[in-house]
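Breakdown of the fold
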Amino acid sequence: MNKKTILITGSNGLLGQTLLELLADSSHEIIGCGKGPDRFQAKGYTYYSLDISKTEDVNRLFQKVRPTHVLHTAALTQVDICEEHPKLADQVNILGTQNICQAAKNIKAHLLYVSTDFIFSGDKGMLTEDEKPMPPNYYGETKLKGEVTVQQSNIPWTILRTVLVYGVVKDMSRSNIILWVKNNLEQGNPIKVVNDQWRTPTYVKDLAKGCLLALEKEATGIYHLSGKDYMTPYQMALATADYFKLDKTLITPTNAQEFKEIGKRPLKTGFNIQKAMRELSYAPLSFQEGLQAMMEDITRFEQHSEKTI
Ligand SMILES: NC(=O)C1=CN([C@@H]2O[C@H](COP(=O)(O)OP(=O)(O)OC[C@H]3O[C@@H](n4cnc5c(N)ncnc54)[C@H](OP(=O)(O)O)[C@@H]3O)[C@@H](O)[C@H]2O)C=CC1
Ligand SMILES: Cc1cn([C@H]2C[C@H](O)[C@@H](COP(=O)(O)OP(=O)(O)O[C@H]3O[C@@H](C)C(=O)[C@@H](O)[C@H]3O)O2)c(=O)[nH]c1=O
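Notes on the structure in this doc start here.

Reading the values: rules and limits
- Residues numbered from 1 in each chain as written.
- Chains lettered and ligands numbered in written order.
- Predicted model: local features only at pLDDT ≥ 70, side-chain atom pairs only at ≥ 80, totals over all residues.
- Heavy atoms only, no water.
- Near = heavy atom within 4 Å.
- Polar contact = N/O pair within 3.5 Å; in protein donor to acceptor, adjacent residues only side chain to side chain.
- Helix = DSSP H or I, 4+ residues; strand = E, 2+ residues; numbered from the N terminus.
- Areas by Shrake-Rupley, 256 points an atom, 1.4 Å probe, with all protein chains shown as cover.
- Phe/Tyr/Trp six-rings, centres within 6.5 Å; stacked < 30°, edge-to-face > 60°.
- Lys NZ or Arg CZ within 6 Å of the ring centre and 35° of its normal.
- Contact = heavy atoms within 4.5 Å.

**Focus: the site of ligand 2**
Lining the immediate environment of ligand 2, one finds 18 residues, of which Thr116, Asp117, Tyr139, Gln197 and Glu261 sit closest. Thr116 is positioned such that a nitrogen or oxygen atom in its side chain is 2.8 Å from an oxygen atom of ligand 2. Arg174 places a polar side-chain atom, nitrogen or oxygen, 3.3 Å from an oxygen atom of ligand 2. The set of elements that each furnish at least two residues to the shell around ligand 2 consists of helix H6 (177–186) and strand E8 (191–194).

**Things to note about the site of ligand 1**
Taken together, 25 residues sit near ligand 1, with Thr73, Thr77, Tyr139, Lys143 and Val165 positioned nearest. Residue Gly13 places a main-chain N or O atom 3.1 Å away from an oxygen atom belonging to ligand 1. Residue Leu14 places a main-chain N or O atom 2.9 Å away from an oxygen atom belonging to ligand 1. Computed on the free molecule, ligand 1 has an accessible area of 890 Å², of which 92% lies beneath the protein chains in the complex. Elements that contribute at least two residues to the shell around ligand 1 include exactly helix H1 (14–22), strand E5 (110–116) and helix H5 (138–151).

**A short note on the packing of aromatic side chains**
All chains considered together, the criterion is met by seven aromatic pairs. With a centroid separation of 6.2 Å and 85° between ring planes, the pair formed by Phe120 and Phe271 is classed as edge-to-face. One end of the pair, Phe120, is in the loop between E5 and H5; the other, Phe271, is in the loop between strand E11 (251–254) and helix H9 (274–280), and 151 residues separate them in sequence. Connected via pairs of aromatic rings, a cluster forms that spans Tyr166, Tyr203 and Phe287. Directly above the aromatic system of Phe40 lies the positively charged group of Lys170, at a separation of 5.0 Å from the ring centroid. Directly above the ring of Tyr223 sits Lys275, whose terminal nitrogen or CZ lies 4.4 Å from the centroid.

**Regarding the side chain of Thr73**
Mapped onto the elements, Thr73 comes out in the loop between strand E4 (69–72) and helix H3 (79–84). A polar atom in the side chain of Thr73 sits 2.7 Å from the backbone oxygen of Thr9. Excluding anything up to four places from it in sequence, Thr73 contacts Ile8, Thr9, Gly10, Leu15, Gly16, Leu19 and Val114.

Right, dumping it as structure tokens:
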């Protein structure tokens with residue numbers, strides 16, 4: 001196998017830290033980069049602080065480490081912040097991706113860009129890769145602009161779209177619905193959860209494995225990498241309560257009409273993952289298996305933190 005130099009942007013994030021964990025014993029050279037200091041703090045990679053919106057910094061790092069493959073996960077992922085602060089979203093998700101694209105082009109690297117179901121309108125679920133994008137919020141618009149930049153880059157490119165990622169890593173920059181449900185129910189807080197949005201929730205390790213399958217196979221084009229169960233957040237919340245043996249009566253169904261979020265969420269998304277299963281041998285866990293795997297991750301972190309106290 002030819003040795004690769006894999007640079008991961010946003011390596012402090014949920015997906016980024018999971019990738020670093022899966023690549024810990026890789027024979028390739030692994031480069032992590034993110035805003036500020038390294039928050040994963042483990043072995044097996046070299047970390048550089050990099051704000052992707054700083055064009056010169058991006059060029060300097062790429063010229064220094066000369067990655068053969070770039071896994072671009074960095075983004076402003078808080079949908080409501082993107083809606084309220086569009087210029088900040090532009091800086092990170094549009095200019096940042098332009099910077100990564102140009103720097104990758106200068107060294108002829110293979111660019112793999114992680115994108116989202118939020119580029120789609122929400123009129124139709126279980127979407128294939130050729131569905132027409134129509135973003136319902138500003139975050140989705142910026143991620144779609146990133147896709148267009150990548151597709152026009154004239155270097156080997158891969159777009160890896162995913163949906164409602166859940167999981168746990170050492171130091172999280174944002175929560176996710178499963179952790180949010182679990183933590184609220186453990187504290188006895190009543191929660192209202194929408195039952196008219198539809199997703200295929202994705203366990204973060206499945207997503208990371210899918211990204212690495214595409215990278216190893218040098219696959220190009222667009223792939224949908226998500227979970228395989230088509231569910232509402234309300235169903236996810238009930239399943240989470242059942243799994244962690246928490247009080248389901250604290251969960252009340254609501255709908256997107258009543259539950260107002262600043263950035264409009266698409267009603268129906270969810271991905272048809274047949275292409276990734278066929279061409280990448282992608283094989284995600286079921287939601288139940290994902291909860292089990294996440295539980296094991298949480299236990300491992302709790303044991304690790306007891307050791308380090
Ligand atoms: N989470 C989800 O449900 C979904 C995510 N995606 C996509 O997957 C990718 C990874 O998401 P996920 O890991 O969940 O999100 P996270 O928010 O956990 O990770 C994103 C990372 O990007 C970093 N980042 C933000 N701005 C910059 C910047 N200017 N320069 C460098 N790094 C920056 C963040 O830094 P910091 O930690 O300092 O904030 C964070 O570590 C994203 O591209 C997202 O659009 C797609 C669909 C669903
Ligand atoms: C906080 C909250 C969320 N929800 C529902 C609404 C929403 O559909 C779902 C997820 O909640 P959030 O709004 O936190 O997640 P959201 O910002 O919708 O997550 C998105 O993140 C970006 C990065 C993506 O790319 C998307 O694929 C998607 O995963 O849970 C409730 O029903 N009640 C609540 O109180």
